[in-house]
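Next come the chains, spelled out residue by residue.
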Amino acid sequence: MHLEPFEYEKPNSLVELEALLSKHADEARLLAGGTDLLVLVKEKILSPKMIIDIGDVAALQGITADPAKGLTILAGTKVSTIEHSAEVKEFAPALSFAAAQLGSSQVRHMATMAGNVCHGSPSAETSPVLLAHGAVLTIAKAGGERELPISDFWLAYRKTALAPGEYLKAFTLPALPKNAAVEYAFKGLRGAMEIDMVNVGVYLELEEDLETVKEVRIGMGAVGPIPYRAVKAEAELKGMKVDDAFFAKAGELAAAEATPIDDVRATADYRKKLMSVLTRRAFSAAFARIKGE
Amino acid sequence: MGTFNKVVGVDGVRRDTVDKLTGKERFSGDYKIPGALALAIARSSEAHALIKNIDLTKAKALPGVVRVFTAEDVPGENSYGIIPITKDQPMLAAGKVRFKGEAVALVAAESLEVAREAAALIEVEYEPLKASFTPEEALADGAEAIHDKGNLCFEHDSLMGDPDKAFAEAAVIVEDTYTTSAIEHSYMEPESGFAVMEDGVVVVTVSTQNPHYDHADLCRLLGLEEDKVRVKQATTGGGFGGKLDLSVHSYVALATLLTGRPSRLAYTREESFAASAKRHSFTIKYRTAADAEGNLLAVDAELVADTGAYASYGVAVAMRAAVHAAGPYMVPNSRVYSRAVYTNHVFSGAMRGFGVPQVALAHESQMEKIAAKLGMDPIELRLKNALKPGDKTITGQVLGDSVGIRECLEKIKAVRDEWGAAKGDDDGVRGIGVGAMLYGIGNTGVSNPSTAQIRVNKEGGVTLYTGCADIGQGSDHVLLGICAETLGLAREDIALVRADTMLTTNAGATSASRQTYISGNAVKAAAEMFIAKAVEAAAKVSGSAASELCFTGTAVKGPDGELSLLEIAESLRAEGRELEGEGYFDPETVPLDHHTGQGKPYSTYGFAAQLTLVHVDKATAEVRVEKLFAVHDIGKAIYPQGVIGQISGGSAMGVGLALMEEFDHTSDKNFDTYLIPTVLDVPDVEASFIEHAEPTGPYGAKGVGEPALIPTAPAIVNAIADAVGVRITSLPANLERVHSALQLMGGK
Ligand SMILES: Cc1cc2nc3c(=O)[nH]c(=O)nc-3n(C[C@H](O)[C@H](O)[C@H](O)COP(=O)(O)OP(=O)(O)OC[C@H]3O[C@@H](n4cnc5c(N)ncnc54)[C@H](O)[C@@H]3O)c2cc1C
């Protein structure tokens, strides 16, 4: 392995991190788990002049659950920590499940969800669930912070809304209202260690009658250049009665909004079909979860 | 020591387990070689082209580069290959390249970075030639000849009885075309080795399945006498047939010979993918005839294998596939025409099963089709036709006593009854499928002996010398087990010298599931001779009759006390003799007739049947193998856990062959896109064996390494057909193929 030379910094605090970032904004890259970044550096797709390792920044570690605010996951938290967290299991079980599907145990102990999201891959494992949860990102830089709904985070293939000097600090998943659930469904070419051909996260919220749709969100992955929401489908599904026809319709509408391409993993046609099946099954699972089944 | 415990058939921790698990065991890449040159290979960017010029100027000018080699530097004959009649592969391309990734030049430098940078600076001027990427293209009129002799590498005919008549009289005829994919071996350890000069000898330590063959072809390439090259097998991290060819050996040997300095080379995974052998993809046109009761009457099969740019084991694969074309069944009339065809793909070579997994897909699919046509139970149909002792195979060979296929099938039937009918669920359907096979142990219709020696060592114990390469499958443990059992010792009492061409004699390749049977016999013979010699010498020294003496493993006991092995050795030495047992075993074979393919290709066969239960998701077409039961007739399990391990691992490989592995020559560079099963894709394999002792085998043993994977893919494909009613005839049965099959049947 022959890497292009780079400088390496490992700050201990947010202040140091932010100072380094503002000084080297254009030529620095953050290193979290490195499981995406180092692949790109090895293949010389990226040649950053400086790598800033956030592994020692304690203020970026942790998960907290607050009944009012929801679930906050700081950016340095490892995927394996998210996978096994009691809070995540309780307040966002679909995220715990999605985290458990990422790579292998070794990869999950290195990788972070922030890396997963910031790498900006259209097939990233956690993105659809975060879209379904309507997660809000805290984006910070020296001297300031801003909040951004995750659906506005990805701009184009592997391009995010992070400006030079900015970094992702935290995820907030708003507390789920009553009668709501999120589910995640995915399909890869084998049981583990693969890139999903299609993945989808769905949010279903019912009216008091427990049969009318109050709110839905559909976050789709690997069917376009970025993970995105099927907004037309969402609009059309709102107000419907939940039954088999609804599940089928949800699948059809999601597939209609999917714009996949043929690649080495699957054809576009098959991906659309998968999106329909997975969305149907995810909604049916979400409905079962709300009903406590 | 002393008290005799049985060794053969007994489990226990394998001797290499702890060292491998703790990392103590050293693979070739783990050795520190002070002063070693780093090597890098410049590889062809073209699939088929003439080399007009190679410009080494920039590469040589790079600081740190010690020397750059091309074909002109090869001192001996720049052609090698395992099969004597097809030594057609150069170690460095000479005037022409035949596949993308072929080695064109070799750089030796002070560091790996420099070596690789220099390799990238080598400028090769090519004149592209028309390339062929399928046997069809390669055999078409106007195809560019890949080798001087043309693009047909090898053809083999086999004829028995009167197949045309049988087809004319048959009640049922089924026919189909089957295709299988190219497959990468995917051993964990890529090709790796190093060379040093020791007293004028080039010593190559390398990851290999075949040290004595390596030695012979290295002598040929380097133009050296036998005693100027020594090959030592390093601990080897898997082979599956892919380490039967030369890989890094010739490069480290050449660099060390010509510079006098040690050198080392390990392929990157990308290099291993690009430049190592693949499993032959096959196209199989297959017709089967049966009477109304389901008795097979005839088989007519045409097999075409893509052997890639060089022959490697192509001849052996095409021939073995033909010999096994009818499966473990009695078929009185047959015609098989098999070809290995050159193309401009990376060469195909040996891979676990040598063409038999490919033909097994065909014969086992055909059995299902016949059963369906006749409304018969597919296991009953197989039982009706299964070979028995004394039956003739399609090469006219009369089988001996160890033919366990019926018992395997009976077991499968009982397990199927236990499983009950396959029931679907909300998302999908389930099906059960059977696969059966026979597999000839050893090389096909040629002499393929093994040898072994047992000598008393300085400590007064015994040392076993074998040329057999243990590549992780456990032959060390098996051969020591046979040696220990015969001598009345424990494995731990015996020292082992293995797979070193200076210290051990040829045991043949670790391939063709042959080492337990053939080297096992050689070891057993050596042990028996050792005992006889010790007793005879002790008789002479003590004046007792040999019949009064008893060999204890460490001494010979008689009425007047005992003589240690050292004492016996000393008495022999006084006569100028050694206390040594030498063993030799060559299975009895009769070469196959050139026109009819008739003969006795192997002296014994392994048999097996497997049963799988699969779940097919009706919407996504995902296939999950939920259960896999395997039963193999292996003659005798010398080390039962090893047998179970082979069957479990082989079945996992079979799942890959069945469902996901398909080497795409244009896009698969590494494991990013080339997917093999993970533990989550393989069911808990319920592996079992039966022991129809082979009279010519050591303690009755045959072999299991390759049989392990052969029935798996057919069983899975048959289970898919049972579940969805549509037969997949092209492997792998991946999502998209199963998906289109489901659409054919109108799935939602
Ligand atoms: C063997 C293997 C298997 C894999 N399997 C999967 C899989 O199944 N599913 C899947 O989705 N992915 C998979 N991946 C990809 C990868 O592991 C994940 O995307 C992972 O979550 C990346 O996290 P990381 O912490 O390693 O990111 P890094 O590699 O450290 O960073 C990735 C990118 O994000 C940036 N970044 C990281 N943290 C921040 C931050 N706080 N603020 C701003 N930018 C930041 C980095 O600068 C970099 O550009 C796999 C990778 C490997 C090597």
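Residues numbered from 1 in each chain as written. Chains lettered and ligands numbered in written order. Predicted model: local features only at pLDDT ≥ 70, side-chain atom pairs only at ≥ 80, totals over all residues.

### A look at the overall build of chain B
Here comes step 1: Helix and strand counts for chain B stand at 18 helices and 28 strands.
Here comes step 2: Taking 27 Å as the expected radius of gyration for a compact globule of 748 residues, we find that chain B reaches 27 Å, a close match to that expectation.
Here comes step 3: Along the three orthogonal principal directions, the C-alpha set of chain B runs to about 80 × 75 × 50 Å.
Here comes step 4: Residues counted as buried form 60% of the 748 residues belonging to chain B.
Here comes step 5: Across chain B, every contact between residues at least 6 apart in sequence was considered, and the portion connecting residues at least 24 apart equals 78%. (Helix = DSSP H or I, 4+ residues; strand = E, 2+ residues; numbered from the N terminus. Rg over C-alpha atoms; globule rule 2.2 N^0.38 Å. Buried ≥ 20, exposed ≤ 12 C-beta atoms within 10 Å, placed from the backbone. Contact = placed C-beta atoms within 7 Å.)

### Observations concerning the domain arrangement of chain A
Here comes step 1: By domain assignment, chain A separates into domain 1 (7–52), domain 2 (61–173) and domain 3 (180–290).
Here comes step 2: The C-alpha centroid of domain 3 of chain A is placed 35 Å from the C-alpha centroid of domain 1 of chain A. (Domains from an automatic or database assignment.)

### Regarding the interface of chain B and chain A
Here comes step 1: Taken together, the contact between chain B and chain A spans 16 residues of the former and 13 residues of the latter.
Here comes step 2: At the level of elements, helix H3 (112–121) and helix H18 (735–744) of chain B are the ones that each hand at least two residues to the side of chain B that touches chain A.
Here comes step 3: Ranked by residues supplied to the side of chain B that touches chain A, first place goes to H18 of chain B with three residues.
Here comes step 4: For the side of chain B that touches chain A, the class distribution of residues is six nonpolar, five polar and five charged. (Nonpolar A, V, L, I, M, F, W, Y, C, P; charged D, E, K, R; others polar.)

### Focus: the nonpolar core
Here comes step 1: Counting 247 residues, the largest nonpolar core has Leu39, Leu106, Val107, Leu303, Cys483, Ile716 and Ile720 of chain B as its most contacted members.
Here comes step 2: Per-element accounting of this core gives the leading share, twelve residues, to helix H14 (residues 515–542) of chain B.
Here comes step 3: Apart from residues lying up to four places away in sequence, Leu39 of chain B is in contact with Leu106, Val107, Ala108, Ala115, Tyr251, Val252, Ala255, Ser263, Arg264 and Leu265 of chain B.
Here comes step 4: Counting residues in each nonpolar core, the second largest holds 87 residues, with Leu21, Leu102, Val213 and Leu253 of chain A among its members. (Core = buried A, V, L, I, M, F, W, Y, C linked by C-beta atoms within 7 Å.)

### Digging into the site of the ligand
All names here are of chain A.
Here comes step 1: What surrounds the ligand is a group of 28 residues, the closest being Ala32, Gly33, Gly103, Gly115 and Asn116.
Here comes step 2: When residues of the shell around the ligand are assigned to their parent elements, the largest contribution, five residues, is made by helix H7 (residues 113–119).
Here comes step 3: Of the residues in the shell around the ligand, the class split is 17 nonpolar, eight polar and three charged.
Here comes step 4: Looking at the shell around the ligand, you find at least three residues from each of domain 1 (7–52) and domain 2 (61–173). (Near = placed C-beta within 6 Å.)

### So, the environment of Ala621 of chain B
All names here are of chain B.
Here comes step 1: For Ala621, the position within the fold is in the loop between strand E26 (605–617) and strand E27 (623–633).
Here comes step 2: The exposure class assigned to Ala621 is buried, which follows from the 27 C-beta atoms found within 10 Å.
Here comes step 3: Sequence spacing of Ala621 and Val724 is 103 residues, and the spatial spacing of their C-alpha atoms is 9.9 Å.
Here comes step 4: Setting aside anything within four residues of it in sequence, one finds Ala621 in contact with Val616, Leu735, Val738, His739 and Leu742.

### Remarks on the environment of Gly645 of chain B
Residue and element names in this part refer to chain B.
Here comes step 1: In this fold, Gly645 is placed in helix H16 (residues 640–659).
Here comes step 2: What makes Gly645 partly exposed here is the crowd of 18 C-beta atoms within 10 Å.
Here comes step 3: Gly645 sits 40 residues away from Val685 along the chain, and the two C-alpha atoms are 9.9 Å apart.

### Topic: the sheet that holds strand E19 (residues 450–456) of chain B
Residues and elements named next belong to chain B.
Here comes step 1: Taken in spatial order, the four strands line up as E21-E20-E19-E25 in an open sheet, and their pairing is mixed. The sheet is open, and its two borders are formed by strand E21 (494–498) and strand E25 (580–585), each paired with just one other strand. In this sheet, neighbouring strand axes are inclined to one another by 20 degrees on average, regardless of whether the strands run parallel or antiparallel.
Here comes step 2: For strand E20 (residues 462–466) and E21, the ladder comprises five bridges, and the chain directions are parallel. Counted as the bridge partner of Val462 is Ile494 from E21. (Pairing = 2+ DSSP bridges. Axes fitted to C-alpha atoms, helices over the stretch in contact; angles between N-to-C directions.)

### Some points on the pairing of strand E2 (residues 28–31) of chain A
Residues and elements named next belong to chain A.
Here comes step 1: In this sheet, strand E3 (residues 50–53) lies alongside E2 in parallel orientation, the contact comprising four bridges. Across the sheet, the residue bridging to Leu31 is Asp53, located in E3.
Here comes step 2: Remark: the E2/helix H2 (residues 37–42)/E3 crossover connection has right-handed handedness. (Right-handed = clockwise from strand over helix to strand, strands pointing away.)

### Some details on the domain arrangement of chain B
Size of an interface: often given as the accessible area lost when the parts come together.
Residues and elements named next belong to chain B.
Here comes step 1: Parsing chain B into structural domains produces domain 1 (31–129 + 186–275), domain 2 (278–444 + 592–744) and domain 3 (449–585).
Here comes step 2: For domain 1 versus domain 2, the distance between C-alpha centres works out to 36 Å.
Here comes step 3: The partner domain 2 presents 22 residues to the 24 residues of domain 1 that form the contact.
Here comes step 4: Looking at the side of domain 1 that touches domain 2 residue by residue, the class counts come to ten nonpolar, eight polar and six charged.

### Quick look at unusual backbone geometry
Here comes step 1: Along the chain, Leu731 of chain B connects to Pro732 of chain B via a cis peptide bond; the corresponding omega equals -5 degrees.
Here comes step 2: Residue placement: Pro732 of chain B occurs in the loop between helix H17 (712–724) and H18.
Here comes step 3: Not every positive phi belongs to a glycine, and Ala222 of chain A is a case in point at roughly 65 degrees.
Here comes step 4: Residue class for Ala222 of chain A comes out buried when judged on the 29 C-beta atoms lying within 10 Å of it.
Here comes step 5: Of note, the phi angle at Ala512 of chain B is positive, near 55 degrees, even though the residue is not glycine.
Here comes step 6: Mapped onto the elements, Ala512 of chain B comes out in the loop between E21 and H14.

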